[in-house]
Amino acid sequence: MGSGSGSVRARYLVYFQYLGTDFNGVAAVRGAQRAVGVQNYLEEAAERLKSVVPVKVVISSRTDAGVHALSNAAHLDVQRRSGQPPFPPKVLTEALNRHLRHPDIRVLQAFRVPSDFHARYSATSRTYLYRLATGCTRPDQLPVFERNRCWALPADHLEVAAMQEAAQHLLGTHDFSAFQSAGSPSTSPVRTLRRASVSSHPASPFVLPQECRPDWAGLPYGADITGACVPGRLQFWSLEFESQSFLYRQVRRMTAILVAVGLGALTPTQVKMILESRDPLGRHQTRVAPAHGLFLKSVLYGGLGDFAAESPACAQQESQGPGTRGAPGQPEDFRPEISGPKAGGLEPCLQ
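Criteria and cut-off values
- Residues numbered from 1 in each chain as written.
- Predicted model: local features only at pLDDT ≥ 70, side-chain atom pairs only at ≥ 80, totals over all residues.
- Heavy atoms only, no water.
- Buried < 20%, exposed > 50% of the residue type's maximum accessible area, 1.4 Å probe, protein only.
- Helix = DSSP H or I, 4+ residues; strand = E, 2+ residues; numbered from the N terminus.
- Pairing = 2+ DSSP bridges.
- Patch = residues over 30% accessible without salt bridge, like charges linked within 9 Å, V, L, I, M, F, W, Y side chains within 5 Å.
- Areas by Shrake-Rupley, 256 points an atom, 1.4 Å probe, with all protein chains shown as cover.
- Salt bridge = Lys/Arg side-chain N within 4 Å of Asp/Glu carboxyl O.
- Contact = heavy atoms within 4.5 Å.
- pLDDT = per-residue confidence, 0-100.
- Phe/Tyr/Trp six-rings, centres within 6.5 Å; stacked < 30°, edge-to-face > 60°.
- Lys NZ or Arg CZ within 6 Å of the ring centre and 35° of its normal.
- Arc of directions from axis to C-beta.

Caption draft 1: Region of interest: the pairing of strand β12 (residues 294–301). β12 sits mainly inside the fold: six of its eight residues count as buried. As paired elements, strand β3 (residues 68–79) and β12 share two bridges and run parallel to each other. When the sheet's bridge partners are listed, His-68 is paired in β12 with Phe-295. Sheet topology places strand β5 (residues 123–134) next to β12; seven bridges connect them, and they run antiparallel. In the sheet register, Arg-126 faces β12, and the bridge partner there is Val-299.

Dropping the structure here:
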């Protein structure tokens, strides 16, 4: 309840996405610096909602400069003037998008949540996606639409089986100190990696059919070379990691190590040794994959559907619960966590 008579402060969970190329990370940059974060634009748009109290956007998962997000999350409180009802989530979503002043940010959906909900501490799962491209002997061989969207490797292929074997050593609960960069705010390096996968990615829609290499070997001079091409050697790959939270740059450092395995520079056994060393300054583990290939894919909350995996209609239906409109005294479009205590004490995830 707000300070004014009849004034209600409503808390919302907001899902949003962005291309991170132009931003100094998702977190707001304060002061007179020229750098700017995604949060700066979100809070600027929220100011136009004319809340009685200033709107502060609390980010779920911090991402570093150049990192993208298919679906990040945040919570914010909006307190309208006395007598005015809270914004419906759909109206809030449309209003924020209308007032956003950067084309590379989009609000996906909003939900009403209880006043004690916290976008960072209530998250039960975070998934990161890293995109790779092989077959790029020169930077200009990568389509312009894929630049700043993947890590282009000069190799023709990756030893995927070895990468998958190495990834198995990272699964489970471990001290991930060897994969933590300096400057981490985390009080404990122990994390539980629930999933680590390596897979080939469908061909990029931005690679044109004519982008192939000629296969003219053995053809006589003057021969008809129409169609004498094989498919372009560009190949795309995806790495996915899921945990409740990650250490500072943990995903990018794990990616760099797995890529080294895929290129034959390391063995799966060495990855296990690196993990067990707990040494972030070792010979191999100082490698960090470029930021521009990393995407925050999803943030999950107990009792609320994953927006990245569900359609808006499904997410709305799940949040209301099967056959119910919510418990008395709770917002109708949020269902609290089904089991387990609220997560607490988690450090921000800066990747």
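Caption draft 2: How the structure looks around a nonpolar patch on the surface. Judged by side-chain polarity, Val-144, Phe-145 and Phe-206 come together as a nonpolar surface patch covering roughly 320 Å² of accessible area. Topologically, Val-144 is positioned in the loop between β5 and β6 (151–152). In this structure Val-144 comes out as exposed when scored by relative accessible area, which is 54%.

Caption draft 3: Structural view of helix α1 (residues 38–47). Along α1, eight of the ten residues are buried, which leaves the element largely enclosed by surrounding structure. Buried within α1 we find Val-38, Gln-39, Asn-40, Tyr-41, Leu-42, Glu-43, Ala-45 and Ala-46. Among the structural elements, β1 (9–18), β2 (58–59), α2 (89–99) and β4 (105–113) are those in contact with the buried residues of α1.

Caption draft 4: Focus on the confidence of the model for the protein. Mean pLDDT for the protein: 82, with 77% of residues reaching 70 or above. Predicted confidence for residues 306–349 stays below pLDDT 50, and this span has 90 contacts to residues more than four positions away or in other chains.

Caption draft 5: Fine view of the packing of aromatic side chains. Scanning the model with the defined rule gives eight aromatic pairs in all. Relative to Phe-246, the ring of Tyr-128 lies with its centre 5.4 Å away and its plane at 85 degrees, an arrangement referred to as edge-to-face. Of this pair, Tyr-128 sits in strand β5 while Phe-246 sits in the loop between β11 (235–243) and α4 (250–262); the two residues are 118 residues apart in sequence, bridging distant segments of the chain. A single burial state applies to Tyr-128 and to Phe-246, both of which are buried. Positioned over the ring face of Phe-87 is Arg-80, at 4.0 Å from the centre of the ring. Against the face of Tyr-12 rests Arg-112, its NZ or CZ located 5.9 Å from the ring centre.

Caption draft 6: Representation of the pairing of β11 in the model. Where burial is concerned, most of β11 is hidden: eight out of the nine residues are buried. Where β5 meets β11, nine bridges bridge the pair, whose relative direction is antiparallel. Of the residues in β11, the one forming a bridge with Tyr-128 is Phe-241. When strand β8 (residues 190–201) meets β11, the two strands line up antiparallel, connected through eight bridges. Bridging from a neighbouring strand, Ser-200 pairs with Trp-237 of β11.

Caption draft 7: Representation of the pattern of salt bridges in the model. Here the structure, examined in full by the defined rule, presents twelve salt bridges. The salt bridge involving Arg-194 is made with Glu-242; its shortest N-O contact spans 3.8 Å. Within this pair, whereas Arg-194 is found in strand β8, its partner Glu-242 is found in strand β11, the two being separated by 48 residues in sequence. Of the residues examined, Arg-194 reaches a relative accessible area of 43% and is grouped as partly exposed. One salt bridge connects Lys-297 with Glu-240, and the closest N-O pair in it is separated by 2.8 Å. Remark: Glu-240 occurs in strand β11 and Lys-297 occurs in strand β12; sequence separation between them is 57 residues. A network of salt bridges, in which partner residues are shared, links Arg-194, Arg-195, Glu-240, Glu-242 and Lys-297.

Caption draft 8: Region of interest: helix α5 (residues 268–277). Residues Pro-268, Val-271, Ile-274 and Leu-275 constitute the buried set of α5. Taken end-on, α5 shows its buried residues confined to a sector of 110 degrees, consistent with a single buried face. The exposed residues of α5 that point more than 90 degrees off its buried face are Met-273 and Glu-276. If you follow the buried residues of α5, they end up packed against α3 (160–168), β7 (172–175) and α4. At the C-terminal side of α5, Arg-278 shows a positive phi close to 60 degrees.

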